[in-house]
Amino acid sequence: MNIIGEKQNHQKFSRDDLAVLDKNVTVFSMELLQNCSIFEALKILRYKIKYGTDFYHLYWRNIFKSSPKYLQQIVTRDRWKNYVFIENIIADYLLNRKEIDFTDEWIYAGWHDWAGYRIIVGCGPAIILSRFIPKNIAGELESTKLYLKRLNINSPKIFSTIDEIENAKFLNIDDILNFAEQSNDIKPIFQKKHNLLLCSLRIIIFVLASMVLYNSCKIYNQNYHPENQNNKIKTENFSIYMSSKNYDSLMDLLFNLNDNLNWNKISKFCEQNNIKIQAMKLDSNFAKIKTKLSLRRIKELKNIRNIKIDCANDSSYEKLGSDQIAEAVLWLKLN
């Protein structure tokens, strides 16, 4: 383990692939997303990444409950992005040792031989601020507590590697570094940015499997039970294939599922008209359904309000009296 410190570099233990940054070159900030679903949180993160210039990372614990989520913002130069920040190591250590819970606010005040005095403030895994203190660590700790009251942080748990800090639980810096040495999960947070897509896809797969199976239309063989108070729609054959190419469209689908669509209307329409869905595109106003229907059935459906039909057929079949099967696209108005 190589440590790049504020005062000097330091070699600790034997793990050559772990480079730790303990230097005053990084600015941390955190935004608490309270009463926010995972869909809303991912949407916020997506816009931050798309329109912002800084690095953002989302911490959450529960997918379905509106539990607190933390949007971590980090500003540093590119040359430091391959390092593991000591701030993240300390937060992971406190969580791993169950010194704090996901929602606990905390302060770490420490002395590092290679960096000097440090004050780090966090909430669960996220870092709120990180400061280097030239001297008088006890006085600076009290000033930090006063400042945190402006952020509605009134009773943080306090940890320190310094014996003289009152009301603080003592930590051994060697134990913290040894934890980092032995943990395979310790890696630069900027690498986790590349795992956002994979992590989001896992959430999407799980949520789609739950929501679509129990609360969405049956894609192939629909079996809708209106007597069911939960309006659950069962499906026997639903599958979805994900890749980096269709990630954005799937995210848009999830937001539509969560906010806009009337799945009961789509299901009832398809069931009453014996429509087998081949493909479906959704937005807030229409369900665009691709299917195959007889020309006779297409004519009947054209008389239904709120339905628009596009189809490709040969009119000579009608003249011969043949009820041709044609490919059709049905536009079902949802609102």
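Just above sits the structure.
Residues numbered from 1 in each chain as written. Predicted model: local features only at pLDDT ≥ 70, side-chain atom pairs only at ≥ 80, totals over all residues. Heavy atoms only, no water.

1. Section: the sheet that holds strand β6 (residues 69-75)
For step 1, the next point in the chain: Reading across the sheet, the 3 strands line up as β4-β6-β5 and stay open at both edges, with antiparallel pairing between neighbours. A single partner strand is all that each edge strand has here, and the edge strands are β4 (27-33) and β5 (55-59). For this sheet, the mean angle separating the axes of adjacent strands, direction not counted, is 20°.
For step 2, the next point in the chain: Packed onto the sheet, helix α1 (residues 38-51) meets β4, β5 and β6 and runs at close to 170° relative to β5. (Pairing = 2+ DSSP bridges. Helix = DSSP H or I, 4+ residues; strand = E, 2+ residues; numbered from the N terminus. Axes fitted to C-alpha atoms, helices over the stretch in contact; angles between N-to-C directions. Contact = heavy atoms within 4.5 Å.)

2. Some words on the packing of aromatic side chains
For step 1, the next point in the chain: For the structure shown, the criterion picks out 8 aromatic pairs.
For step 2, the next point in the chain: For the ring pair Tyr-47 and Tyr-51, a centre distance of 6.0 Å and an interplane angle of 15° mean the geometry is stacked. Taken together, the positions of Tyr-47 and Tyr-51, both in helix α1 and 4 residues apart, correspond to about one turn of that helix.
For step 3, the next point in the chain: For Tyr-47, a relative accessible area of 43% corresponds to the partly exposed category.
For step 4, the next point in the chain: Note on Tyr-51: relative accessible area 60%, which makes it exposed.
For step 5, the next point in the chain: Considering the side-chain rings of Tyr-93 and Phe-179, the 5.7 Å spacing of their centres and the 75° angle between planes classify their relative orientation as edge-to-face. Of this pair, Tyr-93 sits in helix α2 (residues 86-96) while Phe-179 sits in helix α4 (residues 173-182), placing them 86 residues apart in sequence. This pair shows no difference in class: Tyr-93 is buried, exactly as Phe-179 is.
For step 6, the next point in the chain: Taken together, the aromatic side chains of Phe-28, Phe-55, Phe-85 and Phe-190 make up a single cluster linked through ring pairs. (Phe/Tyr/Trp six-rings, centres within 6.5 Å; stacked < 30°, edge-to-face > 60°. Buried < 20%, exposed > 50% of the residue type's maximum accessible area, 1.4 Å probe, protein only.)

3. What about the pairing of strand β11 (residues 157-160)?
For step 1, the next point in the chain: Relative to β11, strand β8 (residues 105-112) runs parallel, the two being bridged by 4 bridges. Directly across from Trp-106, in β11, lies its bridge partner Lys-157.
For step 2, the next point in the chain: Alignment of β11 against strand β12 (residues 169-170), held across 2 bridges, turns out to be parallel. When the bridges of β12 are listed, Ser-160 appears paired with Phe-170.

4. Quick look at the environment of Ile-307
For step 1, the next point in the chain: Here Ile-307 shows up in strand β17 (residues 307-312).
For step 2, the next point in the chain: Considering only alpha carbons, one finds Ile-307 and Phe-286, 21 residues apart in sequence, at a separation of 9.7 Å.
For step 3, the next point in the chain: When neighbours within four sequence positions are excluded, Ile-307 is seen to be in contact with Phe-269, Leu-301, Trp-331 and Leu-332.

5. Here's the deal with the pairing of strand β1 (residues 2-5)
The side chains of a regular strand alternate between both faces of the sheet.
For step 1, the next point in the chain: In this sheet, strand β2 (residues 9-11) lies alongside β1 in antiparallel orientation, the contact comprising 3 bridges. Each bridged residue has a counterpart across the sheet, and for Ile-3 the counterpart in β2 is His-10.
For step 2, the next point in the chain: In this antiparallel pair of consecutive strands, β1 and β2, the connection spans 3 residues.
For step 3, the next point in the chain: Note: β1 against strand β3 (residues 19-22), 4 bridges, orientation parallel. Bridge pairing links Gly-5 to Asp-22 in β3.

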